[in-house]
Amino acid sequence: AASDVYKRQLLPLIILTWMVIAGQTMAKSAIYGTIVAIVVGIINKDDRMTPSKFVNGLENGGKNCLSIGIACGIAGIISVCITMTGLGGKLITYVVKLSGGNLFIALFLTMICCIILGMGVPTTANYIIMASTCAPILINGMSMHILAANMFVFYFGIVADITPPVALAAYAGAAIAGANPMRTAFNATKLAIAAFIIPYILAYNPAMVLVDTTVVEVVMIAITSLIGMFGLGMALEGYFRGSIPWYLRILSAAGGLCLVYPGTVTDVIGIVVVGAIVVMQILRAKKTLKAA
């Protein structure tokens, strides 16, 4: 059955993930994951691994490792240069001074640094650069939890791929579609608004990355965040069951941001505002349908 094939194909990934979570070294986890992948390939009747496929797999793996190794090597050079020149310490000092100890301002300034440093950088190298330059700003300067800080900077380092003026991913998509590159980049930024909001949510709510929390708290944060993203989406697109008036778009954005900010009062206000706009739009759509 197809489901059995998918289960077998997922087995190496499950083994790899479990070993990493269990505290095994990355090298050991990768070796065992590779062995399981080979065994699964041998017993897979639909696409059984042959000696030629095995050799081709080793060849492709070697080629992929070369690109990753080069990216990591360059990222290491950048990281050492930043450390040796003291740029990392200066970034922490300047951001903390400019923010005046305000977490939101510090997050915003760190976001700008991440987007600039992440322009045109591959994913692996991107994280190494972000972790060595921007994460210490939040960890040492603002006493943010290390996991939340690393996720925050990594998010915005990757977002640089769709953020003008570089936006390599958006430009690649524009080339395929034959569209205007800069317009595509701005539309990509608009459509990916969640990618700009979610890091702030986890910065204020480390429970989103399962830090010092309970199951109930994680579920509540997930629900309120989803509703908040929905409210922001309505505000940006100006549409839900029909066009949304400009004043309701402003209220929808405000309600979405209330749900992003932690706190029972803000969550209640956000749910009421976004819920009221949804109901109003549904009623307006029904009224328009009856009139037609």
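Quick caveat, the model's predicted, so the values are computed rather than measured.

1. Looking at the packing of helix 9 (residues 168-177) against helix 10 (residues 181-191)
Remark: helix 9 packs on helix 10, axes separated minimally by 8 Å, with the N-to-C direction vectors making an angle of 125°. If you check the angle between helix 9 and helix 10, you find them oblique. Taken as a pair, helix 9 and helix 10 cross one another with a handedness that is right-handed. Residues A170, Y171 and A174 of helix 9 pack against P181, M182, T184, A185 and A188 of helix 10. Here the residues of the contact of helix 9 with helix 10 sort into seven nonpolar, one polar and no charged.

2. Details of the packing of aromatic side chains
Each aromatic ring pair is summarised here by two numbers: the centre-to-centre distance and the angle between the ring planes. Inspection of every chain in the model, using the stated rule, returns eight aromatic pairs. On the numbers, 5.6 Å between centres and 35° between planes, the contact of F104 with Y200 is tilted. Separated by 96 residues along the polypeptide, F104 in helix 5 (residues 103-117) and Y200 in helix 11 (residues 193-204) bring together distant segments of the chain. Look at W246 and Y247: their rings are 5.8 Å apart centre to centre, the planes differ by 85°, and that puts the pair in the edge-to-face class. A relative accessible area of 42% means that Y247 is categorised as partly exposed. One aromatic cluster is present, built from ring pairs that chain together F104, F152, F156, F196 and Y200.

3. Here's the deal with a nonpolar patch on the surface
Taken together, I31, Y32, I35, V39, I42 and I43 make up a surface patch of nonpolar side chains, about 550 Å² in accessible area. Residue position: I43 is located in helix 2 (residues 26-43). Using a relative accessible area of 46% as the deciding quantity, one classes I43 as partly exposed.

4. Quick word on the confidence of the model for the chain
Averaged over every residue, the pLDDT of the chain is 80; the share at 70 or more is 91%. When the elements of the chain are averaged for pLDDT, helix 1 (residues 2-21) gives the smallest value, 71, and helix 8 (residues 146-159) the largest, 88.

5. Here's the deal with the nonpolar core
Membership of the largest hydrophobic core comes to 39 residues, with the highest contact counts inside it found for L107, L138, M144, F152, V153 and F156. Contributions of two or more residues to this core are made by helix 4 (87-99), helix 5, helix 6 (123-133), helix 7 (135-141), helix 8, helix 10 and helix 11. Grouped together as the second largest cluster of nonpolar side chains are eight residues, I244, V274, I277 and V278 included.

6. Section: the layout of surface pockets
Think of a ball as big as a water molecule: rolled over the atoms, this probe shows where empty space is left. As a volume, the second largest pocket reaches approximately 210 Å³. Of all the secondary-structure elements, those providing two or more residues to the lining of the second largest pocket are helix 5, helix 11 and helix 13 (246-260). Among the elements that make up the lining of the second largest pocket, the one with the highest residue count is helix 11 (four residues). Among the residues making up the lining of the second largest pocket, the classes are represented as ten nonpolar, no polar and no charged.

7. A word on the side chain of T110
Relative to the assigned elements, T110 resides in helix 5. Residue classification places T110 among the buried positions, given a relative accessible area of 0%. At 2.7 Å, the side chain of T110 and the backbone oxygen of A106 are in polar contact. Discounting residues that sit within four places of it in the chain, T110 has contacts with V95, C134, I137, L138, F152 and V153.

8. Concerning the side chain of D161
With respect to the helices and strands, the residue D161 is situated in the loop between helix 8 and helix 9. Buried and unpaired, D161 has R183 as its nearest opposite-charge partner, separated by 21 Å. Residues within four places of D161 in sequence aside, it is in contact with G118, V121, A167, L168, A169 and A170.

9. A word on the packing of helix 12 (residues 215-237) against helix 14 (residues 264-291)
It is at 10 Å that the axes of helix 12 and helix 14 come closest, and there the two elements cross at 45°. Judged by the inter-axis angle, helix 12 sits oblique to helix 14. Regarding helix 12 and helix 14, the two cross each other, and that crossing is left-handed. Here T224, I227, F230, G231 and M234 of helix 12 come into contact with helix 14, specifically with D267, I271, V274, I277 and V278. Classifying every residue of the contact of helix 12 with helix 14 by side-chain character gives seven nonpolar, two polar and one charged.

10. A word on helix 2
Helix length check: helix 2, at 18 residues, gives a terminal C-alpha distance of 26 Å against a target of 26 Å (1.5 Å per residue), a fit within 8%. Those residues of helix 2 not exposed but buried are S29, G33, V36, V40 and G41. Take helix 2 and look down its axis: the buried residues cluster within an arc of 140°, on one side only. Away from its buried face by more than 90 degrees, helix 2 exposes A27 and I31.

Reading the values: the criteria
Residues numbered from 1 in each chain as written. Predicted model: local features only at pLDDT ≥ 70, side-chain atom pairs only at ≥ 80, totals over all residues. Heavy atoms only, no water. Axes fitted to C-alpha atoms, helices over the stretch in contact; angles between N-to-C directions. Helix = DSSP H or I, 4+ residues; strand = E, 2+ residues; numbered from the N terminus. Parallel < 35°, antiparallel > 145°, perpendicular 65-115°, else oblique. Left-handed = near helix turned anticlockwise from the far one by under 90°. Contact = heavy atoms within 4.5 Å. Nonpolar A, V, L, I, M, F, W, Y, C, P; charged D, E, K, R; others polar. Phe/Tyr/Trp six-rings, centres within 6.5 Å; stacked < 30°, edge-to-face > 60°. Buried < 20%, exposed > 50% of the residue type's maximum accessible area, 1.4 Å probe, protein only. Patch = residues over 30% accessible without salt bridge, like charges linked within 9 Å, V, L, I, M, F, W, Y side chains within 5 Å. Areas by Shrake-Rupley, 256 points an atom, 1.4 Å probe, with all protein chains shown as cover. Salt bridge = Lys/Arg side-chain N within 4 Å of Asp/Glu carboxyl O. pLDDT = per-residue confidence, 0-100. Core = buried A, V, L, I, M, F, W, Y, C linked by side-chain atoms within 4.5 Å. 1 Å grid on protein atoms, 1.4 Å probe; cavity = no way out; pocket = protein on both sides within 12 Å on 5 of 7 lines; lining within 4 Å. Points joined across faces, edges and corners; volume = space filled by probe spheres on them. Polar contact = N/O pair within 3.5 Å; in protein donor to acceptor, adjacent residues only side chain to side chain. Lys, Arg positive; Asp, Glu negative; His and termini not counted. Expected span 1.5 Å × (residues − 1). Arc of directions from axis to C-beta.

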